[in-house]
Amino acid sequence: MAAAKATLPDSLSFCLAQLTAAAGEGLRGGKDPATNETPLGRALLALRTRHIKAAGGIERFRARGGLRPLLALLRRAAAADPAPTHAGPGSAPLLVASAASAGPSPSPSPASSVSPSTPSPPVRLRKTLDLALSILANCCTEGACRAEVRRLGGIASLVTILQCVKTGSIQNRTARALGNLAVEPESCGEIHSAGAVPLLVESLTACQDSQCLQSVALGLVPLLAGQLCGDAGEEEEEGREAASWDFPEEQTPERAEAGSFRSLRSWLISEGYAGDVSPDWSPEHCPLPEPTDPISSTPGKTSLRTPCTLRTLGRSPATPAAAKEPWGREGPALLLLSRFSQAPDPSGALVTGPALCGLLAYVTGAPGPPSPRALRILARLTCNPACLEAFVRSYGAALLRAWLVLGVAPDDWPAPRARPMRRNQHQELGEMLLQNLTVQAESPFGVGALTHLLLSGSSEDRVACALTLPFICRKPSLWRRLLLDQGGLRLLLTALTRPAPHPLFLFFAADSLFCLQGLVSPTVSPAFPAAIPMDVETPSPCLYEPLLGPAPVPAPDLYFLLDSGLQLPAQRAASATASPFFRALLSGSFAEAQMDLVPLRGLSPSAAWPILHYLHGCRGCGAALGPVPPPGQPLLGSEAEEALEAAGRFLLPGLEEELEEAVGRIHLGPEGAPESVGEVFRLGRPRLAAHCARWTLGPGRCPRKRALALVGLVEAAGEEAGPLTEALLAVVMGVESGGKGPSLDG
């Protein structure tokens, strides 16, 4: 009774205990399976509907060790399923799974929805697999779980289930779990090596369920895109064929392919997707239904290029040899991706981070000219109105601009990776693809879609929409309404200090704010004057220096005593005139008014130096530069911060401004490092914060430096997002330039 009260029904502890027991005993152990069915089923159902879906539930499940027994249960369930029948013509060879051979197989059940010749597992076993796979697929949406599943060998187990259990719902959930795992390159390689690609391709032909087909396409596309990433970085070490894919290897082309992609190529041929595939394959041998003219939703738009233009992009003028498309080891993957892209709405499979990264890595990193089919896929996706929202939600438009136009790939951030770049060619391609998206965004359909995303979407979608708009929208009436009138800009700015939804989010945000600033104030120059090199600027005459000589004229009638014992000469009348603080101190009713040696507590000599100069009328003599440390040294705790604090304490706003200008001149000059921006912002002074924002979004700044500066600003701001938001907002809106900035409703 006490034990029953200790473990509440459906609690996480109860669920983990049932899961561990079932994984250890197996589904065909010595006990009657009926005795374990109800507790295990209830535990799996509670995990799926309550614990995993709760906030932080996936991490708690992982931290309590739930993934290991869950994978063990899946292995035992796969072993309990009857062995699959031989695959039909054109399907990939099946894996030999040791788990599937453990123990006798139960008698076959009625045919499943996948193949009439493949027996279905028993109802209880199918329900167990469905629930366990659903739990695993949900867990694999988080990075820590993906890493642990990969470490525990879960990918091999999923591929075994994909091979052995041909029930539609199980194939669907298995493909979904593999798709969630495939978002990381390490998992993609392991899934590919395990032979999942031909099994997923087989499911495309056998499965009739739409959800199953969608899940298979989402497991499959990252794998194909990942294969393109691998192909982009590989070159043959020998022979003249390595120079370019225009001269593919003539002998034994199969040698360039290995593993499951050889099966994929065979499947494409057997299913009629490709004809007699040879090394000199060309579109004439296997025609594809290409769109003859991309449809523009906006009348009068004539700048949209057709995919045919892309055929010769980066190549020499059309010749019989150039018209042929090479068939390398990436050929089968590109052909299947091309088929996916011709669906009415391919966004769910192709307009995702892994798929776009694979295509762009292949296009930009290929040792020779990339296959025109890859370029046509990108053009087809950007010309499809059904893909617009996906390009916004997945930050695909921002990725196109960063990778192709600016030349910054995900693995080039934050540290650049040394590699050759064909910048001009890629920039032309990126601008064309963004123009295609602009046509879609400014059409009536696109306006409605973007408005819905910004006003009614989830918080993540709203931020992604606000960030993407400056890249794909040029109509002032549209971007002003969405970003300024309806608060999209402020929404983006407040999201800067929150957890980043994308690895390149801050790079995208810096570029987006810079583009938006150009839209808001295309002709306004920065308000802050350009920094003048200190060796060129002529300082003003110093009025305090005569008091420091051996025979000062006029003679000082007052000395300030510092904590260090240093006595600094001063004129009482000049000091009292320069500041209300010193006027009350030196000529009021305080005792210091009768003293010739007045102590100044908490002030170092370097911090006191600009104060004494300012009290005696010096403006721009260079004394304010003295306490400012050189670039690379911290400003917090420095004598510059001490001088700024003292200037405020002694009611010297003019000196504060002069000191801030000195800090900006030394640390935020034209050649300043982006790391200095965050250091200056940490001083917490509004004018310096505005200067930091102007430096970050200033014209002529390298995109990488701009983004690194924004990273430093976000780190310096911490949880206090208000000052950073207001500083960036003022710069983007042009408020600092002295003119009337556009109105903004927050």
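Residues numbered from 1 in each chain as written. Predicted model: local features only at pLDDT ≥ 70, side-chain atom pairs only at ≥ 80, totals over all residues. Heavy atoms only, no water.

Trainee: An account of the overall build of the protein is needed here, citing residue identities and associated values.
Mentor: Counting secondary structure elements, the protein contains 36 helices and 3 strands. Burial statistics for the protein: of 746 residues in total, 51% are counted as buried. Put simply, the protein shows about 32100 Å² of open surface, and 56% of that area lies on carbon and sulfur atoms. (Helix = DSSP H or I, 4+ residues; strand = E, 2+ residues; numbered from the N terminus. Buried < 20%, exposed > 50% of the residue type's maximum accessible area, 1.4 Å probe, protein only. Areas by Shrake-Rupley, 256 points an atom, 1.4 Å probe, with all protein chains shown as cover.)

Trainee: Describe the packing of aromatic side chains, and please don't skip the residues or the numbers.
Mentor: Tallying each qualifying case throughout the model produces 8 aromatic pairs. Where Y395 meets F508, the ring centres are 6.2 Å apart and the plane angle is 20°; that geometry is what we call stacked. Of this pair, Y395 sits in the loop between α20 (388-393) and α21 (396-405) while F508 is found in helix α27 (residues 505-520), placing the two residues 113 residues apart along the sequence. Assessed through its relative accessible area of 4%, Y395 is described here as buried. (Phe/Tyr/Trp six-rings, centres within 6.5 Å; stacked < 30°, edge-to-face > 60°.)

Trainee: Explain the confidence of the model for the protein to me, and be specific about the residues and the numbers.
Mentor: Predicted confidence across the protein gives a mean pLDDT of 76, with 71% of residues reaching 70 or more. Under a pLDDT of 50 for its full length, residues 271-323 has, in the predicted model, 96 contacts with residues more than four places off or in other chains. The low-confidence segment residues 525-536 (pLDDT under 50) makes 14 contacts with residues lying over four places distant or belonging to another chain. (pLDDT = per-residue confidence, 0-100. Contact = heavy atoms within 4.5 Å.)

Trainee: Give a detailed account of the environment of R417, specifying residues and quantitative values.
Mentor: When you line up the elements, R417 lands in the loop between α21 and α22 (423-441). Aside from chain neighbours lying at most four places away, what touches R417 is D411 and D412.

Trainee: Could you give me a rundown of the pattern of salt bridges, with the residues and numbers involved?
Mentor: Tallied over the full model, the rule gives 16 salt bridges. For D511, the salt bridge is made with R401, and the minimal N-O distance between the two is 2.4 Å. Taken together, the residues D511 in helix α27 and R401 in helix α21 connect sequence positions 110 residues apart. Accessibility classification places D511 together with R401 in one group, the buried group. Within this structure, E59, R62, E148 and R151 form a network of salt bridges that share partners. (Salt bridge = Lys/Arg side-chain N within 4 Å of Asp/Glu carboxyl O.)

Trainee: Go over the sheet that holds strand β2 (residues 567-570), please, and point to the residues and values.
Mentor: The mixed open sheet is built from 3 strands, whose spatial order is β2-β1-β3. Either end of the sheet is taken by a strand with one partner, and the two such strands are β2 and β3 (597-599). Direction aside, neighbouring strands of the sheet carry axes that sit 30° apart on average. Looking at chain direction, strand β1 (residues 558-561) and β3 are connected through 3 bridges and run parallel. Bridging across to β3, L561 finds its partner in P599. Lying on the sheet, helix α30 (residues 605-615) is in contact with β1 and β2; it crosses β2 at an angle near 10°. (Pairing = 2+ DSSP bridges. Axes fitted to C-alpha atoms, helices over the stretch in contact; angles between N-to-C directions.)

Trainee: So, helix α19 (residues 372-382): which residues are in play, and what are the values?
Mentor: α19 sits mainly inside the fold: 11 of its 11 residues count as buried. All of the buried residues along α19 are P372, R373, A374, L375, R376, I377, L378, A379, R380, L381 and T382.

Trainee: Tell me about unusual backbone geometry, and please be specific about residues and values.
Mentor: Going from W413 to P414, the amide bond is cis rather than trans, its omega being 5°. Structurally, the position occupied by P414 is in the loop between α21 and α22. Unusually for a residue other than glycine, Y395 sits at a positive phi of about 60°. If you check the backbone angles, L651 has positive phi at about 60° while not being a glycine. Of note, L651 is situated in the loop between α31 (639-649) and α32 (653-667). Judged by its relative accessible area of 45%, L651 falls in the partly exposed class.

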